[in-house]
Amino acid sequence: MSTGCVLVAAGSGTRLAAGSPKAFVVLDGRPLLVHAAERVLRSGVCQHLVLVVPDGRQDESTALVSGLAGAEGVVLRAVAGGADRRSSVAAGLAALPADVDVVLVHDAARCLTPPEQVAEVERAVRTGAAAVVPGVPVSDTVRAVDVEGVPRGGPIDRTSLRLVQTPQGFRREVIERAHALASEHGLPAALAATDDASLAELLGAPVTVVPGREEAFKVTRPLDLALATAVLAQERA
Ligand code: C5P
């Protein structure tokens, strides 16, 4: 039995407007994909790592990651992603060998996710949870509005809210059945786009929330790159 991580890195990065696929945007001299993979490897919990990258960039990606500390003894594969995140995750799942029983799905865009967070999610699945997500408290006031921007109801009690991060961890049969169900029946775009645990929940699998970390934020917009640069500088200080 072993743990496999599917690291999805095949997005276009339109909102980052950096002129290359997001995972290949350079932060402190190295692509986001490399930062993300390095932290997954440093967690020490994965025996298999599948990089899901834009078609044509598989060899380059494998070469970038294979020399990283922690890569010795980890079986590395790179496969082409799909048109949306869900199909990229499905491509990664299909590349995992039969002996993998715990699966982590992680966004390369969450490139500074601490190794401890990867290990904690893995441990929660190993010790019995079916589906695990890291979540951080919401610090802003949150309101629902209609299409015109008119408030619907009052502010939402933020103490009950969590911003959900990755890696998300699953027993293998849970994530595989969830993805099979999603491709058979189709799903609301909002669910299918970003969150594998929501797919698992559709099967009735309970989702466990473990504490996330601020450093696992997703690089989406140019300001996030400035924040990531600052986080790296702080780590080195
Ligand atoms: O677009 P978004 O920031 O939500 O993407 C989250 C993660 O999913 C990123 O790491 C991105 O590279 C990945 N992704 C993918 N294939 C797609 C779309 C997104 O691997 N078609």
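Residues numbered from 1 in each chain as written. Predicted model: local features only at pLDDT ≥ 70, side-chain atom pairs only at ≥ 80, totals over all residues. Heavy atoms only, no water.

**Student:** In this structure, what is going on with the site of the ligand? I would like to understand it.
**Tutor:** Around the ligand lies a shell of 15 residues, among which V8, A10, K22, S88 and K218 are the nearest. A distance of 3.0 Å is found between a nitrogen atom of the ligand and a backbone nitrogen or oxygen belonging to G82. For the ligand, the accessible surface in isolation is 460 Å², of which the surrounding protein chains cover 88%. Its residues placed into classes, the shell around the ligand shows six nonpolar, three polar and six charged. (Near = heavy atom within 4 Å. Polar contact = N/O pair within 3.5 Å; in protein donor to acceptor, adjacent residues only side chain to side chain. Areas by Shrake-Rupley, 256 points an atom, 1.4 Å probe, with all protein chains shown as cover. Nonpolar A, V, L, I, M, F, W, Y, C, P; charged D, E, K, R; others polar.)

**Student:** Is there a simple way to think about the packing of aromatic side chains in this case?
**Tutor:** Note on aromatic pairs: each is described by the distance of the centres and the angle between the planes. Tallying each qualifying case throughout the model produces zero aromatic pairs. Of note, R57 hangs over the ring of F24, and the distance from its end group to the ring centre comes to 3.9 Å. (Phe/Tyr/Trp six-rings, centres within 6.5 Å; stacked < 30°, edge-to-face > 60°. Lys NZ or Arg CZ within 6 Å of the ring centre and 35° of its normal.)

**Student:** Help me understand the nonpolar core in this model?
**Tutor:** Most often, soluble globular proteins keep nonpolar side chains buried together rather than apart. Counting 44 residues, the largest nonpolar core has L7, L33, L49, L51 and V219 as its most contacted members. For this core, the secondary structure elements donating two or more residues are strand 1 (2-8), helix 1 (32-43), strand 4 (48-53), strand 6 (100-107), helix 4 (115-126) and helix 8 (222-236). Tallying contributions element by element places helix 1 first for this core, with seven residues. The residues contacting L33, other than those within four sequence positions of it, are L7, A9, A23, F24, L51, V53, S61 and A108. Among the nonpolar cores identified, the runner-up in size contains 24 residues, and V6, V8, A130 and A200 belong to it. (Core = buried A, V, L, I, M, F, W, Y, C linked by side-chain atoms within 4.5 Å. Buried < 20%, exposed > 50% of the residue type's maximum accessible area, 1.4 Å probe, protein only. Helix = DSSP H or I, 4+ residues; strand = E, 2+ residues; numbered from the N terminus. Contact = heavy atoms within 4.5 Å.)

**Student:** Please clarify how the environment of G19 should be interpreted in this entry.
**Tutor:** In this structure, G19 sits in the loop between strand 1 and strand 2 (26-27). Accessibility expressed as a relative area gives 82% for G19, which makes it exposed. As for G19 and V50, which are separated by 31 residues in sequence, their C-alpha atoms are 25 Å apart.

**Student:** Looking at this structure, how should I read helix 5 (residues 172-185)?
**Tutor:** Along an α-helix, a turn takes 3.6 residues, which lines up residues three or four apart on a common side. Here helix 5 contains 14 residues, and its C-alpha end-to-end distance of 20 Å stays within 8% of the 20 Å for a straight helix at 1.5 Å per residue. Residues of helix 5 that are buried: R172, V174, I175, A178, H179 and A182. For helix 5, the elements touching its buried residues are helix 3 (85-94), strand 6, strand 9 (168-171) and helix 7 (196-202). Among the residues trailing helix 5, G186 stands out with phi positive, at a value near 70°. (Expected span 1.5 Å × (residues − 1).)

**Student:** What should I look at first to understand the pattern of salt bridges in this one?
**Tutor:** Close approach of charged atoms allows side chains of opposite charge to pair. Evaluated as defined, the whole model comprises twelve salt bridges. D196 is the salt-bridge partner of R85, the closest N and O atoms lying 2.9 Å from each other. Taken together, the positions of R85 in helix 3 and D196 in helix 7 put the pair 111 residues apart, joining distant regions of the chain. Both residues of the pair, R85 and D196, count as buried. (Salt bridge = Lys/Arg side-chain N within 4 Å of Asp/Glu carboxyl O.)

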